[in-house]
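# Topology and contacts: notes
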Amino acid sequence: MNNTKTAYFFLRVSMGINFLGHGLVRLVKLQDFASGMVKGFETSWLPQPLVHLFGVTLPFLEFTIGLLLIIGFKTRIAAMAGASLIILLLFGSSTVENWEAMGIQMIYAGLFYILVSRIEDNYLALDRK
């Protein structure tokens, strides 16, 4: 084991806990969360039924991606799914001119870049045989 593999492990698990936590707290109040998203996107040109569907789906995606990253199962797919989800969130945030959220989401994009581009450093994961 080297420092690069150790660092990758900590980043993977940290991102996993972040996503799992986001998903968990939203799952227990799913309808309130989805309704809040619809309200937050009232000024957007996005169709409200689509925003509601995304709001209902998002916590399940976050939870699943987070769990996969924590245990290191299908890590490449999970990291790419996480990066793709960030792209969707960036797009949505841009429609309501939420530049502050987009700045934070760009940090997530950079972290997912590391997880995807350094996948060979994956360590202490179910992926590794």
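Residues numbered from 1 in each chain as written. Predicted model: local features only at pLDDT ≥ 70, side-chain atom pairs only at ≥ 80, totals over all residues. Heavy atoms only, no water.

Under an unreviewed UniProt entry, the protein has the name DoxX family protein and belongs to Chryseobacterium cucumeris. Heading Subcellular location (unreviewed entry) of the UniProt record for the protein holds this comment: "Membrane". (UniProt positions renumbered as here; feature names shortened; annotations may be inferred.)

Across its full length, the protein holds five helices and zero strands. Helices (α) and strands (β) of the protein occur, in sequence order from the N terminus, as α-α-α-α-α. Its C-alpha atoms give the protein principal-axis dimensions of about 50 × 30 × 20 Å. Expressed as a percentage of the 129 residues in the protein, the buried residues total 38%. Sequence-distant contacts, at least 24 apart, represent 75% of the contacts inside the protein between residues at least 6 apart. Surface summary for the protein: the accessible area is close to 7600 Å², and the carbon and sulfur share equals 69%. Placing the 10 positive and 8 negative side-chain charges of the protein at their respective mean positions leaves the two points 12 Å apart. (Helix = DSSP H or I, 4+ residues; strand = E, 2+ residues; numbered from the N terminus. Buried < 20%, exposed > 50% of the residue type's maximum accessible area, 1.4 Å probe, protein only. Contact = heavy atoms within 4.5 Å. Areas by Shrake-Rupley, 256 points an atom, 1.4 Å probe, with all protein chains shown as cover. Lys, Arg positive; Asp, Glu negative; His and termini not counted. Charge placed at Lys NZ, Arg CZ, Asp CG, Glu CD.)

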